[in-house]
Amino acid sequence: MNAAPAGFSIERDLAPGFAAFYRPLHDQFTPRQQELAALRKRVLAASQAGERPTYRPPSAATTETWSIELPAWCLDQRNQMTGPSDEADLCVKMLNSGAPGVMLDLEDSMDNAWDHSMVGIRNVIAALYGELTYEDLKRGGTVSIKDSPTVTWTRVRGLHLSQAGVYSDGLTSASLFDLAYLVYQLDFSRLKHPLCIYIPKSESADEALWWRDVLQTLAELKGRPKDYIKCMALCEAHPFAFQLEEFAYNLREHLLGINLGRWDYMASLIHFNFDDPAWVLPDRNTIPHDVAFFQNLRTLIPSICHKHGMLAIGGMTALYPSREDPELNERALTVLAQDKKNEATCLMDGAWTGHPDQNAIAVAQFPEPNQLASYKPGFDAHPDLRPSVAGVGKTTVDGTRAAVRTVIRYRNGYLNGKGASLLDGYMEDLATDRIYRLMIAQRIKHGVIPAADVSRLFDEELATLIESGKDAGTPETLREARAIGEAMILEGHFDPI
């Protein structure tokens, strides 16, 4: 868990006056966050006992006419570049890429550690003011942010996470802490558009009420209209997919769109169906991008969003381009074009990418600034979100081995301060690490591979990685990564931590 350093004092070590600003927020909203986190565990346990997530009964959210007013500055989000906010050079490069949107991340692509969070928030503030810079060691000189219409988003940590060390008598909500510390320090008059955040890891429509109340309280404390702070929400959890319209309704004064965060969603899909032998997923990289469990949701999200005037954004393409490997680069950009074209065909309004070379290709797959006018009444509001995976992809020992290798390498990168790592041509963050751990555990549970064979694969891959000497850190951090990764699998630690 992210913890403030020993001897930390909120009065002394954070911005002057923040302690008095934050304490009432903590007292009001952290207990609610903890209740919502506990409810998540009960819903997961029920699902694994056979009571699967399903749609809610009709309500005002689904039967009444309502819509949001999309601001002019947000009409075009055909590509949103994303990356960790603690890396100033990457933040500046993304903001100078020409992408219509940029998401600066305080969550999954960043090491969840105090120093990284503090640097990340500081970089976000500088970026929102247009003042963030970095030193270009290859070409020399200082690189700053160019003026552009790019919309800047900030992803704070989700409701599943708590922050330790801020108070000596217990935990505080990580979501609340990130957002409050950011808002407290910001001079809103210096922003080119209202503050925009990304909400990750939501699991129910009821959670939208927590976010609504927090956003409105913070705006009013800063002397702004209660609907001032805007947001998008990621669909990254299986139960959340059944409550999208209700979530949007509850947050309609703030929400501008919904994004399919498909890698976390895949992990959640495994997690909520972990007990079902018919839901043992094949090797990750043999699952087609248009597999039914993605495609059905990928068409539902734009239907709901466009019904109410919101944007629908597609997910990240994990295969990364390479300026050193022409063959890999061509394959990565071809896969990117196919993937984003499919999202555009499903009537999404844009997508996510993580590399500046991907921006132009991603945008080109969406010929118009958005597809809001594509809305057709009478869409299927209750598609099958658990279609059979029979016959999809391949399940192999090599696939399990690749998963083991990625688990070790990702955790090793994390131990060395990297929340996202480029591994075998794929940009892997906590979501893909979680997918692989769940896949391995699922295969053990349902007899696809014995636990002893998985341990042998961990031993073999660790030895190969140490011998290669190519990964960050030392043999000791690789050994620690291997121990942590296998323990998380065998002990069932799969929450999105």
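Now for a quick tour of the structure.

Reading the values: rules and limits
- Residues numbered from 1 in each chain as written.
- Predicted model: local features only at pLDDT ≥ 70, side-chain atom pairs only at ≥ 80, totals over all residues.
- Heavy atoms only, no water.
- Buried < 20%, exposed > 50% of the residue type's maximum accessible area, 1.4 Å probe, protein only.
- Helix = DSSP H or I, 4+ residues; strand = E, 2+ residues; numbered from the N terminus.
- Right-handed = clockwise from strand over helix to strand, strands pointing away.
- Pairing = 2+ DSSP bridges.
- Phe/Tyr/Trp six-rings, centres within 6.5 Å; stacked < 30°, edge-to-face > 60°.
- Lys NZ or Arg CZ within 6 Å of the ring centre and 35° of its normal.
- 1 Å grid on protein atoms, 1.4 Å probe; cavity = no way out; pocket = protein on both sides within 12 Å on 5 of 7 lines; lining within 4 Å.
- Points joined across faces, edges and corners; volume = space filled by probe spheres on them.
- Nonpolar A, V, L, I, M, F, W, Y, C, P; charged D, E, K, R; others polar.
- Core = buried A, V, L, I, M, F, W, Y, C linked by side-chain atoms within 4.5 Å.
- Contact = heavy atoms within 4.5 Å.
- Axes fitted to C-alpha atoms, helices over the stretch in contact; angles between N-to-C directions.

**Some points on the pairing of strand β10 (residues 255–260)**
- Along β10, six of the six residues are buried, which leaves the element largely enclosed by surrounding structure.
- Between the parallel elements strand β9 (residues 230–235) and β10, the chain passes through helix α8 (residues 244–250) in a crossover that is right-handed.
- Pairing geometry for β10 and strand β11 (residues 311–316), over three bridges, is parallel. Residue pairing for β11: G257 is matched across the bridge by L311.

**Comments concerning the packing of aromatic side chains**
- In total, this model carries 25 aromatic pairs according to the counting rule given.
- Ring centres of W210 and W211 lie 5.0 Å apart, and the angle between their planes is 85°; on these two criteria the pair is classed as edge-to-face.
- Given the relative accessible area of 0%, W210 is considered buried.
- The exposure class of W211 is buried, given its relative accessible area of 0%.
- One aromatic cluster is present, built from ring pairs that chain together F8, F18, F21, Y22, W114, Y167, F177, Y181 and Y184.
- Cation over ring: R23 sits above Y167, and NZ or CZ is 4.2 Å from the ring centre.

**Brief notes about empty space enclosed by the protein**
- On inspection of all chains with the given rule, the structure shows two cavities of 30 Å³ or more.
- Of the voids in this model, the second largest cavity is the one considered here, and its volume is about 40 Å³.
- As for the second largest cavity, its lining consists of K201, E203, E236, A237, S268, F272, R434 and P496.
- Partitioned by chemical class, the residues of the lining of the second largest cavity number three nonpolar, one polar and four charged.

**Re the nonpolar core**
- Formed by 149 residues in total, the largest nonpolar core has its most connected members in F18, L195, F293, L297 and I301.
- Sorting elements by how many residues they give to this core places helix α5 (residues 114–128) first, with eight residues.
- If sequence neighbours within four positions are ignored, L195 has contacts with L128, L182, V183, L186, F188, Y228, I229 and K230.

**Details of the sheet that holds β10**
- Read around the closed barrel, the eight strands follow the order β1-β2-β5-β8-β9-β10-β11-β12; overall the barrel is parallel. Between one strand and the next, the sheet's axes are offset by a mean angle of 25°, whatever the strand orientation.
- Bridge count for strand β8 (residues 196–199) against β9 is four bridges, and the pairing is parallel. Across the sheet, residue I197 finds its bridge partner in β9, namely C231.
- The strands touched by helix α11 (residues 326–345) within the sheet are β11 and β12 (350–353), with β12 carrying the most contacts at an inclination of about 150°.

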